[in-house]
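# Per-entry structural report
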Amino acid sequence: MKLIFEKSVQGRRGFRFPDSDVPVKAKVPQKYARGNDAPLPEVSELDVVRHYTLLSQKNFSVDTHFYPLGSCTMKYNPKFTEALSRLSGFADLHPLLPQLAGGEMLTQGALEVLYELEQWMCEMTGFSHFTLQPLAGAHGELTGIMLMAAYHKAKGNQKKKYVIIPDSAHGTNPASAAIAGYETISIPSNKDGGMDIAKLKSAVNDEVAGLMMTCPSTYGLFESNIDEIAKIIHSVDGIMYYDGANLNALLGRCRPGDLGFDVMHINTHKTFTTPHGGGGPGAGPVGVNDKLAKFLPISRVIKRKDGTFALDYDYPDSIGYIAAFYGNFALLLRAYAYLLMLGKEGLKATADHAVLNANYIMRRLQPYYKLCFDKLCMHEAVFSASIQASRGVHAIDIAKFLIDRGIHPPTVYFPISVPEAVMIEPTETESKQTMDAFIDEMIAADALSKLDPGAFKDLPKTMPISRPDEVKAARDVKTSYAF
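Residues numbered from 1 in each chain as written. Predicted model: local features only at pLDDT ≥ 70, side-chain atom pairs only at ≥ 80, totals over all residues. Heavy atoms only, no water.

### So, the overall build of the protein chain
When you go through the protein chain residue by residue, the secondary structure sums to 15 helices and 13 strands. A compact globule built from 483 residues would reach a C-alpha radius of gyration of about 23 Å, and the protein chain, at 25 Å, matches this within 12%. If one aligns the C-alpha atoms of the protein chain with their principal axes, the spans along those axes are about 75 × 75 × 45 Å. Going through the 483 residues of the protein chain one by one, you find that 48% of them count as buried. For the protein chain, contacts bridging at least 24 residues in sequence account for 70% of all contacts bridging at least 6. (Helix = DSSP H or I, 4+ residues; strand = E, 2+ residues; numbered from the N terminus. Rg over C-alpha atoms; globule rule 2.2 N^0.38 Å. Buried < 20%, exposed > 50% of the residue type's maximum accessible area, 1.4 Å probe, protein only. Contact = heavy atoms within 4.5 Å.)

Printed below as a string of structure tokens:
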């Protein structure tokens, strides 16, 4: 497919402005003026519409393909929440109106949505307070670590400089801790996929500020020693951080706040079906227990005694502003609508289906791929393609095979502790028929690896690009057209 610049025809226009009838000319200093016209593509409106429509059709998306991207939870986004987010009563509000004198009374509906969503998240997770401000999951992580730092500063814990992170945690955790100024200590997993308690104990001392845990982990396993881990961390006044990226496996079954965690974030796109793509837009609400509540960002939405809602800035120990008070409101509104639709029992059912689907795929593929941990998984199953690799077919080759068959591949080579890792997360929104079709293709890939391993080398054949230099693509990014 040609680039839009390659479709350019000199002199062609999509729109022509009429001559200005305003007798005023802007006086732009010459030093800021262009020496030459900008080299924009010269195309018609129809050229543009067809180009971008065709471009969009080359995407894999949840709306068009099965998308079993492990640990990313690419689930279907219900269209009714899209419609609700466009209601003029919400979409046409000026975002700063509640901050103007008297403006909050003109935005009671939006403030009530934020307030109630915070209360519901508290109930679902076992925490006493929430902020909806963080604009993505990683932003929520950073906010949580900043709350951890504020807690230690307020208590005079000057020696705290380490955050412990299991090797089964999400890859963003070490980055968030480092950005907040902490050094990280990685704890390996034991043979069952849980945290190695002996190595944790040897690493914990008065310099440990806290621990960040993803549960279920990136092995798709529930950490069965959380109570003991929490006691170890709390014994040195450390903070237990729960990475809620995989919360969809636990909804309605247990609450992180009841397990000994002090702070957590939620990825609304992973748990409550809000859109997820292209790095955003996102929303990463953060919940805390009482000992961290006074440090939450401002402003906070409160409910007054007369039942009306307002913004409150009177939190002198707050870490301050991390985003606008309303966060990514359109996504939060979608999550609010999704919760209203499902209710308590519906949310439990989503967790049940997410776990059931992952275990169905795990058991059906177990005869063909090496299973990392032979026990019930939670929302995702982690295999190794080491059997196929012994035939010369690696995890990346299987991913290319699936692309050729019209399926977005699972996550490969993560967790990094698993050689030739293939991490599969079907989510709760996929049917048995869709999963069976995926399983059949995975089995077909295994069969082909036995019969003709060389056949994988030039796959995919159905895509515009087959085998790019992936290292160069990641480290030598060029997004501008070379004129």
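### Remarks on the packing of helix α11 (residues 329-365) against helix α14 (residues 432-451)
Packed helices, taken two at a time, are described by the angle their axes make and the gap between the axes. Between α11 and α14, the least distance of the axes is 10 Å, while the angle of their chain directions is 30 degrees. In terms of their interaxial angle, α11 and α14 are classed as roughly parallel. Remark: the crossing between α11 and α14 carries right-handed chirality. Taken together, the residues of α14 that come into contact with α11 (itself represented by Asn-357, Tyr-360, Ile-361, Arg-364 and Leu-365) are Lys-432, Met-435, Asp-436, Phe-438, Ile-439, Asp-440, Met-442 and Ile-443. Partitioning the contact of α11 with α14 into residue classes produces eight nonpolar, one polar and four charged. (Axes fitted to C-alpha atoms, helices over the stretch in contact; angles between N-to-C directions. Parallel < 35°, antiparallel > 145°, perpendicular 65-115°, else oblique. Left-handed = near helix turned anticlockwise from the far one by under 90°. Nonpolar A, V, L, I, M, F, W, Y, C, P; charged D, E, K, R; others polar.)

### Section: the sheet that holds strand β5 (residues 239-244)
Overall, mixed pairing links the seven strands, which are arranged β1-β7-β6-β5-β4-β2-β3 in an open sheet. The sheet is open, and its two borders are formed by β1 (129-131) and β3 (183-187), each paired with just one other strand. Strand-to-strand twist across the sheet, computed as the mean angle between neighbouring axes with direction ignored, equals 20 degrees. With four bridges joining them, β5 and strand β6 (residues 263-266) adopt parallel strand pairing. When the bridges of β6 are listed, Tyr-241 appears paired with Val-263. Set on the sheet, helix α4 (residues 108-125) makes contact with β1 and β6; between it and β1 the angle comes to about 125 degrees. Set on the sheet, helix α5 (residues 137-155) makes contact with β2 (162-166), β4 (208-214), β5, β6 and β7 (286-288); between it and β5 the angle comes to about 170 degrees. (Pairing = 2+ DSSP bridges.)

### Structural notes on the sheet that holds strand β12 (residues 411-412)
Here four strands make up an open sheet; going across it, the order is β10-β11-β13-β12 and the pairing antiparallel. Of all the strands in the sheet, the pair left with one neighbour each is β10 (370-371) and β12.

### A word on α14
Between its terminal C-alpha atoms α14 stretches 28 Å, which fits the 28 Å expected from 20 residues at 1.5 Å a residue. Turning to α14, the residues buried within the fold contact α11, α12 (386-389), α13 (395-404) and β13 (421-424). (Expected span 1.5 Å × (residues − 1).)

### Examining the packing of aromatic side chains
Applying the stated criterion across every chain yields a total of ten aromatic pairs. Here the aromatic rings of Tyr-115 and Phe-309 are separated by 5.4 Å at their centres, their planes lie at 50 degrees, and the arrangement is tilted. Taken as a pair, Tyr-115 in helix α4 and Phe-309 in strand β9 (residues 309-312) lie far apart in primary sequence, 194 residues in all. Like Tyr-115, the residue Phe-309 is buried in the burial classification. When the ring of Tyr-369 is compared with that of Phe-383, the centres are 6.4 Å apart and the planes differ by 65 degrees; the resulting orientation is edge-to-face. You can see Tyr-369 sitting in the loop between α11 and β10 and its partner Phe-383 sitting in strand β11 (residues 381-384), a full 14 residues away along the chain. The buried category is assigned to Tyr-369, whose relative accessible area is 2%. Residue classification places Phe-383 among the buried positions, given a relative accessible area of 1%. (Phe/Tyr/Trp six-rings, centres within 6.5 Å; stacked < 30°, edge-to-face > 60°.)

### A few points about the pattern of salt bridges
Between side chains of opposite charge, pairing is possible as soon as their charged atoms come close. Using the criterion set out here, one finds 26 salt bridges in the structure. The closest approach of N and O atoms between Asp-258 and Arg-255, which form a salt bridge, is 2.8 Å. By relative accessible area, which is 28% here, Arg-255 ends up partly exposed. For the salt bridge of Lys-291 with Asp-262, the shortest nitrogen-to-oxygen distance reads 3.3 Å. (Salt bridge = Lys/Arg side-chain N within 4 Å of Asp/Glu carboxyl O.)

### Looking at the packing of α5 against helix α6 (residues 172-179)
Relative orientation of the contacting elements α5 and α6 amounts to 45 degrees, with a least axis distance of 9 Å. Viewed along their axes, α5 and α6 adopt a mutual orientation that is oblique. In this structure, α5 meets α6 at a crossing whose hand is right-handed. Here Ala-138, Glu-141, Leu-142 and Ile-145 of α5 lie close against α6, whose contacting residues are Thr-172, Asn-173, Ser-176, Ala-177 and Ile-179. Here the residues of the contact of α5 with α6 are counted per class, giving five nonpolar, three polar and one charged.

### Some remarks on the nonpolar core
Counting 58 residues, the largest nonpolar core has Ile-164, Leu-200, Leu-211, Ile-229 and Phe-272 as the members making the most contacts within it. If we skip the residues at most four places from it in the chain, Ile-164 touches Ile-185, Ile-187, Leu-200, Ala-203, Val-204, Val-208, Gly-210, Leu-211, Met-212 and Ile-233. If you look at the next biggest cluster of nonpolar residues, it comprises 27 residues, including Met-362, Ala-385, Ile-443 and Leu-459. (Core = buried A, V, L, I, M, F, W, Y, C linked by side-chain atoms within 4.5 Å.)

### Details of unusual backbone geometry
The bulk of non-glycine residues show a negative phi, and the bulk of peptide bonds are trans. Between Cys-215 and the following residue, Pro-216, the backbone shows a cis peptide bond with an omega angle of -5 degrees. Along the polypeptide, Pro-216 turns up in the loop between β4 and α8 (226-234). Residue Ser-299 is bonded to the preceding Ile-298 through a cis peptide linkage, with omega at -5 degrees. As for its position among the elements, Ser-299 is in the loop between α10 (290-293) and β8 (300-303). One non-glycine residue, Glu-420, lies in positive phi territory at about 55 degrees. Examined against the element boundaries, Glu-420 turns out to sit in the loop between β12 and β13.

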